[in-house]
Amino acid sequence: MKIIVLDGFRNNDQCADRIYKRIENAFLNDNELIRYKLCEKNIKPCTGCFGCWIRKPGKCLIEDDSQDIVKSMINSDIIIYYTAVIFGGYSYHLKKLLDKSICIISPMFTKINGEMHHRKRYDKYPGIIGMGVMESDQKEQGENFKELIYRNSLNMHSAFQCAEIVLKDDNDEIIDKKLIKLANEIEVER
């Protein structure tokens, strides 16, 4: 199974690197695990030009590192959104990439469960795991993060979705339990 980790943390974040080691331990078994440290990539902001829908369907017109990452995303089985939770949302680095991944879906609409969503562009879409890290337990922000993962998974026609929050000062045992819970949810969904 091919798993892509979209790491939205800044460089030299020792806590983020410590937690990432736990992610490796939980998901590396017999899987191909590819980590993109987004802060180290040249990802320009989306301009909202819709060129990825109209002029070059499925491909951003802006030449940067996002094109290769988005291609890798659509060709994966699972994407892990690994990010600090900022006001219940994603870090700047992750949000910037996700904005550029709009080309994965069609500009046309369809109704799904009574809601309007973009149609699929491809036959297969990866599952999404949200792994949010917070400074302190702020229940509303954590709930917003999980809802954002759910809503984004609907828009991206994900095969499944699940999310978990860890605190920066959680010990490895607590983090491992939450990662095992995520891994078990994936097995149930698959």
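A. Representation of the environment of Pro-126 in the model. Take Pro-126: it is sitting in the loop between β5 (115-120) and β6 (127-134). If we skip the residues at most four places from it in the chain, Pro-126 touches Met-73, Ile-74, Ser-76, Asp-77, Ile-78, Ile-79, Ser-158 and Ala-159.

B. Structural view of the sheet that holds strand β2 (residues 32-37). Read from one edge of the open sheet, five strands run β2-β1-β3-β6-β7, paired in parallel fashion. A strand with exactly one partner marks an edge of an open sheet, and here the two such strands are β2 and β7 (161-167). Between one strand axis and the next, the sheet turns through 15 degrees on average, direction left out of account. With seven bridges connecting them, strand β3 (residues 78-84) and β6 associate as parallel partners. Bridge pairing in β6 places Ala-84 opposite Val-133.

C. Layout of the packing of aromatic side chains. By the definition in use, this model includes six aromatic pairs. Ring centres of Tyr-90 and Phe-145 lie 6.1 Å apart, and the angle between their planes is 85 degrees; this geometry places the pair in the edge-to-face category. Here Tyr-90, found in the loop between β3 and α3 (92-100), pairs with Phe-145, found in helix α4 (residues 139-155); they are 55 residues apart in sequence, far enough to count as distant. In this pair, the class of Tyr-90 matches that of Phe-145, namely buried. Through successive ring pairs, a cluster of aromatic residues spans Phe-9, Tyr-20 and Tyr-82. Over the ring of Tyr-20 we find Arg-35; its NZ or CZ atom is 3.8 Å from the centre of that ring.

D. Fine view of the pattern of salt bridges. Tallied over the entire structure, the rule returns 18 salt bridges. Arg-22 is the salt-bridge partner of Asp-172, the closest N and O atoms lying 3.8 Å from each other. Residue Asp-172 is found in helix α5 (residues 172-189), and its partner Arg-22 is found in helix α1 (residues 14-27); the two are separated by 150 residues along the sequence. Owing to a relative accessible area of 18%, Arg-22 belongs among the buried residues under this scheme. Lys-178 is the partner of Asp-170 in a salt bridge, and the nearest nitrogen-oxygen pair spans 3.9 Å.

E. The nonpolar core, seen in detail. Judged by nonpolar contacts, the single largest core of 30 residues is most densely connected at Leu-6, Leu-38, Ile-69, Met-73, Tyr-81 and Leu-97. Of all elements in the fold, only β1 (2-7), α2 (66-74), β3, α3, β6, α4 and β7 reach the threshold of two or more residues within this core. No other element matches the four residues that α2 contributes to this core. Sequence-distant contacts of Tyr-81, defined by excluding residues within four places in its chain, comprise Leu-6, Tyr-90, Leu-94, Leu-98, Ile-128, Ile-129, Gly-130, Met-131 and Ile-149.

F. Local environment of the packing of α2 against α3. Contact geometry of α2 with α3 gives a least axis separation of 10 Å together with a crossing angle of 75 degrees. One finds that α2 runs roughly perpendicular with respect to α3. For the pair α2 and α3, the contacting residues are Ser-66, Ile-69, Val-70 and Met-73 in the first and Leu-97, Leu-98 and Lys-100 in the second. When the residues that make up the contact of α2 with α3 are grouped by side-chain class, the tally is five nonpolar, one polar and one charged.

So, how was this worked out
Residues numbered from 1 in each chain as written. Predicted model: local features only at pLDDT ≥ 70, side-chain atom pairs only at ≥ 80, totals over all residues. Heavy atoms only, no water. Helix = DSSP H or I, 4+ residues; strand = E, 2+ residues; numbered from the N terminus. Contact = heavy atoms within 4.5 Å. Pairing = 2+ DSSP bridges. Axes fitted to C-alpha atoms, helices over the stretch in contact; angles between N-to-C directions. Phe/Tyr/Trp six-rings, centres within 6.5 Å; stacked < 30°, edge-to-face > 60°. Buried < 20%, exposed > 50% of the residue type's maximum accessible area, 1.4 Å probe, protein only. Lys NZ or Arg CZ within 6 Å of the ring centre and 35° of its normal. Salt bridge = Lys/Arg side-chain N within 4 Å of Asp/Glu carboxyl O. Core = buried A, V, L, I, M, F, W, Y, C linked by side-chain atoms within 4.5 Å. Parallel < 35°, antiparallel > 145°, perpendicular 65-115°, else oblique. Nonpolar A, V, L, I, M, F, W, Y, C, P; charged D, E, K, R; others polar.

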